[in-house]
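# Summary of structural features
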Amino acid sequence: MIYIKNKTKTSLLSLILLGMIMCGVLFTPALASSNYQSTLVKGTDIFTVSEYNDAVWKTTVNNSTNPSNWFEGETNITGAKSKITMKGWRDTTWEIYDVLTGIFMTEFFSLEEIYPLLALMNNLGYNETTINANYTNNYKISYGVRSVWNFTSSDYPDEQSYIDGIKVFKNPLDFKSMLDDYSNLSAELNEKLFFTPYSFPSLNADEFLWNLALNGLAIAKPQSEYLEDLIDELGCENVTSSGSTLIFERYGETEYTVEILYGNEGTISSFLVKDVDDNIIFRIVSTNSEWIFYITLIVLAVCGVVLVAYIIVKKRKPKI
Amino acid sequence: MEKRTYSLTAIKPVLYTVVFELKKQKKKFYFFLAITILIGFLLGYILQLIPSSLLADTQTEFFNTGLQFISFITLFAACLFFSGIICSEFNKKTGAIVFPKINKYKLIVGKYLGNLILVMAIITVYYFLLGILGFYYYAGPISPKLFYSYGIALLYVIALSSFVTFFSSFMRSVNITIISTLIILLMGFSIVDQIVVLIFAGDFEPLYSLSYLGSLITGILNTPFPDPRYVEFTFGGEGGGFGPGGHFTFGQWITPSIGMGITLLVVNIVVFFILAAFLFKRRQL
C-alpha cells in the first residue's frame, strides 16, 4: 500500500516537473520574440584596418579627409589596430534629457562646449526637470562602459585612449520617438539660442542613424529583426539592412556604400566602405582572442586528466 | 670524476629531504592551492559575471586588483610552511642527536627548499590564473609588468621565508612561531609603519618593513610608476578646512622604489638567513 502511494507521488512529481520544463521550452521563444535581448559580453575586440585605398577615398568619399575623421587614430594606415574592452553594463531607463546629453549633444558639441551650453539652457529655463516634464517618453537601455585604444600602427600604450559609452536600446521603435522629441526640442531651443554661438542641427533619420552607428550604437538580439524594425520605424531612405548588416548609401565626392556588420555581441564586427563599382576603399575587421583562452583551458584540462590517470595507473600497478 | 661523484653524494641527502618534505606537506599544499585558485577564480571570473561590476580599465589595473590578495596568501603560506623548519627539530628532540645520520644543515636546507618549491608553486599558479584571465578579458599581449611583479613576488616569498626561518631558529614550538610571525607581519609592521608616518610624515620611508617592501608587487604594475611615492590625503571638516572642523591630513607611502625595494628584499634574505644559521648553530651546542 505504502509502495503504491509512494509510486503515485513520484509520478505526480515527475509530471509536474515535466510540465514546468515544457512550459519553459514553449514560452521562452514566444517571450524572446516579443522582447529584444541585449547580448553584450565583457571582453576585448581587436579591430584591424585590413584595406585602405587613399587615392580612391579622396576621389570618392572626401577629398580633404581620411578615415581618421570617423575612427580616431592612424586609421589611414593599413594594418593599424585598435582595441576595445567592454568593461560592463547596466540596465537603466533614459529620459529625453539623458538622450539629449548622452547622444545628440556629444555628437554635435565638444566637451568644452557642452558645459557652458547646459548652463545657458538652464538660465533659459531648460533644465533636466523641465525638459523631462515636457517630453515624457522613457527609453529602456543597456548602457555599457568600454575602454578604447585608438588605432595605432605600433604597440598599444598601457593606458586606454579614452573611456566611452555604448548604448543598446531595448526597443528599436524608440529611435523614432527619440528623433521626434529631439526635432521638437531643438527647434524650441534654437529659437531661444538665436543670439548665442550655439545651435542644435536638424537631423533626418539617415543622418541620425549614421551618427549613432559611428558613435557607439549596439544592437539587441535577434539582430536582423532589430535592424529591420529600426529602419522601418525611422523611415530611413538610404539605409537598408541585410541580416545583421546595416547598409548606408552615402554621397561624398561621388556615391559610396558603407556596410556595418554587427557580431553576435551586438557590437560592430566589420566596417566596409565601397564605391559604386563594389571596389573596397576601406575595411576594418574585428577579431578576439577568446579561442586562444579556450584552447589553453582545453590543453590544461587534458594535461590534468592525463596526470590524474597516470597517478591512478601507477598506484594500481602491483609492485614487483 | 671523483670530485663529481663526491658532490653528487653530498647533494643526495638534500634531494631526498626535498622529496620527503614535498610529500609531507602535500595536504597543506593542496589546501593552499585550492584557496588560491578559489580566490583567483572568484575575483577574476565569478565577480565579472555580474554585468554592473566593471572590469578594470586596463590589463595592468586588472592584475593590480587581482594581486591585492597575493600579500595575504604569501604571508599565510610563508608562516605555515616555514615555521617548523628549525624549531620542530628541537621540539621533537631530533635536533639534539649527537651523531645524526644526515648532516643537520643538509636536512634544514632540504626542508627549506621543499617548502619553498611548494609556496612558489602556489604563487605561480595564482599568477598563471591571473595571466590567463587577463588575456581572456583584455586580449594579448600580456603586459611584461606582470612578469616583473611575479619576480618581485618570488623575491618577497624568499624574504618572508627567511624571516620566518629566523624566528623558527630560536622559538620553542611551531605554533608559537606561526602566531608570532603572523602577528608581526600582519599587524606589527603595519602599526609601526603608521606610527612612523604620523611622526615623520614624508621624511622617513619605512624601508625596514617587510609588508611595505611587499607593496612593490602591486606598485610595479602602476602606469606610470608612482611619483611622488608619498601622498597625502586631506579631509576637510566643517567649513572645508577653514571652519571650526578644520582638516586633517593622512599620509601614505605607496611603494618603495624598484631598485631600493629589490635591494632591501635581498638584504633581508641574506641577513635573516645568516642570523638563522648562527642561532641554529648556537642552539645545537
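The text that follows walks through the structure, step by step, so that each part is easy to find. Remember, predicted model here, so these are calculated numbers, not experimental data.

## Observations regarding the overall build of chain B
- Tallying secondary structure elements over chain B gives eleven helices and two strands in all.
- Going residue by residue from the N terminus, the α and β elements of chain B occur as α-α-α-α-α-α-α-α-α-α-β-β-α.
- Burial status across chain B gives 47% buried among its 285 residues.
- Sequence-distant contacts in chain B: of pairs separated by 6 or more residues, those separated by 24 or more amount to 77%.

## Here we look at the overall build of chain A
- When helices and strands are counted, chain A shows nine helices and nine strands.
- Taken across its 320 residues, chain A has 41% of its residues classed as buried.
- A sequence separation of at least 24 residues applies to 69% of the contacts in chain A between residues at least 6 apart.
- Total accessible area on chain A stands at roughly 17,800 Å², and carbon and sulfur atoms take up 57% of it.

## Re the interface of chain A and chain B
- With 25 residues of chain A at the interface, the matching set in chain B holds 21 residues.
- Both faces combined, the contact of chain A with chain B buries some 2,000 Å², and carbon together with sulfur accounts for 61% of it.
- Sorting the residues of chain A by area buried against chain B places Lys42, Lys87 and Phe293 of chain A first, and these three jointly supply 31% of that buried surface.
- On inspection of chain A and its partner chain B, the count reaches two salt bridges.
- Between aspartate 57 of chain B and lysine 87 of chain A there is a salt bridge, with its nearest N and O atoms 2.3 Å apart.
- Across the contact surface, chain A and chain B share eleven residue pairs in polar contact (both at pLDDT 80 or more).
- Those elements that place two or more of their residues in the side of chain A that touches chain B are β1 (43–52), β2 (81–94), β3 (139–152) and α9 (290–316) of chain A.
- No other element matches the seven residues that β2 of chain A contributes to the side of chain A that touches chain B.
- Looking at the side of chain A that touches chain B residue by residue, the class counts come to ten nonpolar, eight polar and seven charged.

## Points about the packing of aromatic side chains
- Enumeration over the complete set of coordinates arrives at 46 aromatic pairs over all chains.
- Ring centres of phenylalanine 82 of chain B and tyrosine 112 of chain B lie 5.3 Å apart, and the angle between their planes is 45 degrees; on these two criteria the pair is classed as tilted. Separated by 30 residues along the polypeptide, phenylalanine 82 of chain B in helix α4 (residues 70–82) and tyrosine 112 of chain B in helix α6 (residues 104–138) bring together distant segments of the chain.
- The class of phenylalanine 82 of chain B is buried, set by a relative accessible area of 0%.
- Centre to centre, the rings of tyrosine 112 of chain B and phenylalanine 273 of chain B are 5.1 Å apart; their planes meet at 90 degrees, and the pair counts as edge-to-face. With tyrosine 112 of chain B in helix α6 and phenylalanine 273 of chain B in helix α11 (residues 258–284), the pair connects residues that are 161 residues apart, well separated along the chain.
- Residue classification places phenylalanine 273 of chain B among the partly exposed residues on the basis of a relative accessible area of 26%.
- One aromatic cluster is present, formed by Trp94, Phe104, Phe108, Phe109, Tyr143, Phe169, Phe175, Tyr182, Tyr198, Phe200 and Phe208 of chain A through successive ring pairs.
- The lysine or arginine in question, lysine 83 of chain A, covers the ring of tryptophan 149 of chain A, its NZ or CZ lying 4.6 Å from the ring centre.
- Lysine 28 of chain B extends its terminal NZ or CZ atom over the ring of phenylalanine 81 of chain B, reaching a point 5.5 Å from the ring centre.

## Notes on the sheet that holds strand β7 (residues 255–262) of chain A
Residue and element names in this part refer to chain A.
- Spatially, the nine strands line up as an open sheet ordered β4-β3-β2-β1-β9-β8-β7-β6-β5, and their pairing is antiparallel. Either end of the sheet is taken by a strand with one partner, and the two such strands are β4 (162–169) and β5 (239–242). Neighbour to neighbour, the strand axes of the sheet diverge by 25 degrees on average, direction disregarded.
- Note that β7 and strand β8 (residues 268–275) share seven bridges and pair antiparallel.

## Here we look at a negative patch on the surface
- Taken together, Glu225, Glu228, Asp232 and Glu233 of chain A make up a surface patch of like negative charges.
- For glutamate 233 of chain A, the location among the structural elements is in helix α8 (residues 223–234).

## Overview of a nonpolar patch on the surface
Residue and element names in this part refer to chain B.
- Together, Ile179, Ile183, Met187, Ile191, Val192, Ile195, Leu198, Ile199, Phe200, Phe204 and Tyr208 give the surface a local cluster of nonpolar side chains, amounting to about 1,100 Å² of exposed area.
- Note on placement: isoleucine 179 falls in helix α8 (residues 174–200).
- Owing to a relative accessible area of 51%, isoleucine 179 belongs among the exposed residues under this scheme.

## Brief notes about the pairing of strand β9 (residues 280–287) of chain A
Residues and elements named next belong to chain A.
- Summarising the sheet, β1 and β9 pair through six bridges and their orientation is antiparallel. Paired with threonine 48 across the bridge in β9 is valine 285.
- Here β8 runs beside β9; their pairing, made up of five bridges, is antiparallel. When the bridges of β9 are listed, valine 273 appears paired with phenylalanine 282.
- Two successive antiparallel strands, β8 and β9, enclose a turn made up of four residues, where aspartate 278 displays a positive phi of approximately 70 degrees.

## Notes on the nonpolar core
- Of all hydrophobic cores here, the largest spans 76 residues; its most connected members are Trp70, Met121, Phe175, Phe200, Leu209, Phe271 and Val273 of chain A.
- Ile108, Ile132, Tyr212 and Phe272 of chain B belong to the second largest nonpolar core, which has 72 residues in total.

## Observations concerning the packing of α4 of chain B against helix α7 (residues 144–170) of chain B
All names here are of chain B.
- It is at 9 Å that the axes of α4 and α7 come closest, and there the two elements cross at 40 degrees. Relative to α7, the element α4 lies oblique. For the element pair α4 and α7, the recorded crossing hand is right-handed. Only Tyr156, Val157, Leu160, Ser161, Val164, Thr165 and Ser168 of α7 make contact with α4, whose side of the interface consists of Thr74, Leu75, Ala78, Cys79 and Phe82.
- A per-class count over the contact of α4 with α7 returns eight nonpolar, four polar and no charged.

## What to know about the pattern of salt bridges
- Inspection of every chain in the model, using the stated rule, returns eleven salt bridges over all chains.
- With a closest N to O distance of 2.7 Å, arginine 283 of chain A and glutamate 51 of chain A form a salt bridge. Remark: glutamate 51 of chain A occurs in strand β1 and arginine 283 of chain A occurs in strand β9; sequence separation between them is 232 residues.
- Arginine 283 of chain A gets classed as partly exposed once you look at its relative accessible area, which sits at 26%.
- Owing to a relative accessible area of 29%, glutamate 51 of chain A belongs among the partly exposed residues under this scheme.
- Among the ionic pairs, lysine 145 of chain B bridges to aspartate 158 of chain A, the shortest N-O distance being 3.3 Å. Remark: aspartate 158 of chain A occurs in the loop between β3 and β4 and lysine 145 of chain B occurs in helix α7; the pair is interchain, linking two chains.
- Here aspartate 158 of chain A falls in the partly exposed class, since its relative accessible area comes to 32%.

Conventions we followed
- Residues numbered from 1 in each chain as written.
- Chains lettered and ligands numbered in written order.
- Predicted model: local features only at pLDDT ≥ 70, side-chain atom pairs only at ≥ 80, totals over all residues.
- Heavy atoms only, no water.
- Helix = DSSP H or I, 4+ residues; strand = E, 2+ residues; numbered from the N terminus.
- Buried < 20%, exposed > 50% of the residue type's maximum accessible area, 1.4 Å probe, protein only.
- Contact = heavy atoms within 4.5 Å.
- Areas by Shrake-Rupley, 256 points an atom, 1.4 Å probe, with all protein chains shown as cover.
- Buried area = accessible area lost by both parts, 1.4 Å probe.
- Salt bridge = Lys/Arg side-chain N within 4 Å of Asp/Glu carboxyl O.
- Polar contact = N/O pair within 3.5 Å; in protein donor to acceptor, adjacent residues only side chain to side chain.
- Nonpolar A, V, L, I, M, F, W, Y, C, P; charged D, E, K, R; others polar.
- Phe/Tyr/Trp six-rings, centres within 6.5 Å; stacked < 30°, edge-to-face > 60°.
- Lys NZ or Arg CZ within 6 Å of the ring centre and 35° of its normal.
- Pairing = 2+ DSSP bridges.
- Axes fitted to C-alpha atoms, helices over the stretch in contact; angles between N-to-C directions.
- Patch = residues over 30% accessible without salt bridge, like charges linked within 9 Å, V, L, I, M, F, W, Y side chains within 5 Å.
- Lys, Arg positive; Asp, Glu negative; His and termini not counted.
- Charge placed at Lys NZ, Arg CZ, Asp CG, Glu CD.
- Core = buried A, V, L, I, M, F, W, Y, C linked by side-chain atoms within 4.5 Å.
- Parallel < 35°, antiparallel > 145°, perpendicular 65-115°, else oblique.
- Left-handed = near helix turned anticlockwise from the far one by under 90°.

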